[in-house]
Amino acid sequence: MSASSPAFHIRAASVADWEALAALRDLPGVRAGTLRLPFAPPEQTRRWLEGLTENDLIIVAEFEGRIVGLAGLHRHKGRRQHAADLGMSVHDDYRRRGIGKALLEALIETADRWLGISRLELTVFTDNEAAIGLYRNAGFVSEGVLKSYALRDGTYADVFAMARLRA
């Protein structure tokens, strides 16, 4: 897997990206797929980036100098250090261009080959068919449905708990 293509480039996120990442995370489509609230202060993203630890890996996808994707791993500690939570978002205007797939492949490769993580976990809203398909194609399986998991646009929404186990 290549970390870049002619259309976009994947790299580590930095604190200097905070304004672009705050704007990305506030897009309606991105926000709908996450637990992020509307009207979150942009500085919240800066503080999040400043608070990352060695257990966090955050990457971005750039297209023509613009950040169009964000993905990350958060490794658990202690007896769960073999596992990590995974999350990702793609800019509303840049979906279905392979950005999500490239971000996911980069995280999986890093987890498998560099971090020794054997279990990747995530939650995804049950109506997010594109993301569910992407995760299934990457080897994630549904481990159950979490009912009324989060309030989204005035109603409680269910999520799938999904995981990928490295053999």
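Here, every reference points to the structure presented above.
For the structure given in this document, a descriptive report is provided here. Please read all numbers here as calculations on a predicted model, not as lab measurements. (Residues numbered from 1 in each chain as written. Predicted model: local features only at pLDDT ≥ 70, side-chain atom pairs only at ≥ 80, totals over all residues. Heavy atoms only, no water.)

1. Topic: the overall build of the protein chain
Point 1. Along the backbone of the protein chain there are 5 helices and 7 strands.
Point 2. Reading the secondary structure of the protein chain in the N-to-C direction produces β-α-α-α-β-β-β-α-β-α-β-β.
Point 3. Over its C-alpha trace the protein chain gives a radius of gyration of 15 Å, about what one expects of a compact globule, namely 15 Å for 167 residues.
Point 4. Its C-alpha atoms give the protein chain principal-axis dimensions of about 40 × 35 × 30 Å.
Point 5. Counting over 167 residues, the protein chain shows a buried share of 39%.
Point 6. Sequence separation of at least 24 residues holds for 60% of the intrachain contacts in the protein chain that already meet a minimum separation of 6.
Point 7. Carbon and sulfur atoms provide 52% of the accessible area of the protein chain, an area that totals close to 9,500 Å².
Point 8. With 22 positive and 21 negative side-chain charges, the protein chain shows a spacing of 4 Å between the two charge centroids. (Helix = DSSP H or I, 4+ residues; strand = E, 2+ residues; numbered from the N terminus. Rg over C-alpha atoms; globule rule 2.2 N^0.38 Å. Buried < 20%, exposed > 50% of the residue type's maximum accessible area, 1.4 Å probe, protein only. Contact = heavy atoms within 4.5 Å. Areas by Shrake-Rupley, 256 points an atom, 1.4 Å probe, with all protein chains shown as cover. Lys, Arg positive; Asp, Glu negative; His and termini not counted. Charge placed at Lys NZ, Arg CZ, Asp CG, Glu CD.)

2. Notes on the packing of helix H1 (residues 18–25) against helix H3 (residues 42–50)
Point 1. Between H1 and H3, whose axes approach to 8 Å, the crossing angle comes to 120°. Between H1 and H3, the angle falls in the class oblique. The handedness of the crossing between H1 and H3 comes out as right-handed. Contacts between H1 and H3 involve Trp18, Leu21, Ala22 and Arg25 from the former and Pro42, Glu43, Thr45, Arg46, Trp48 and Leu49 from the latter.
Point 2. Across the contact of H1 with H3, the residue classes break down as 6 nonpolar, 1 polar and 3 charged. (Axes fitted to C-alpha atoms, helices over the stretch in contact; angles between N-to-C directions. Parallel < 35°, antiparallel > 145°, perpendicular 65-115°, else oblique. Left-handed = near helix turned anticlockwise from the far one by under 90°. Nonpolar A, V, L, I, M, F, W, Y, C, P; charged D, E, K, R; others polar.)

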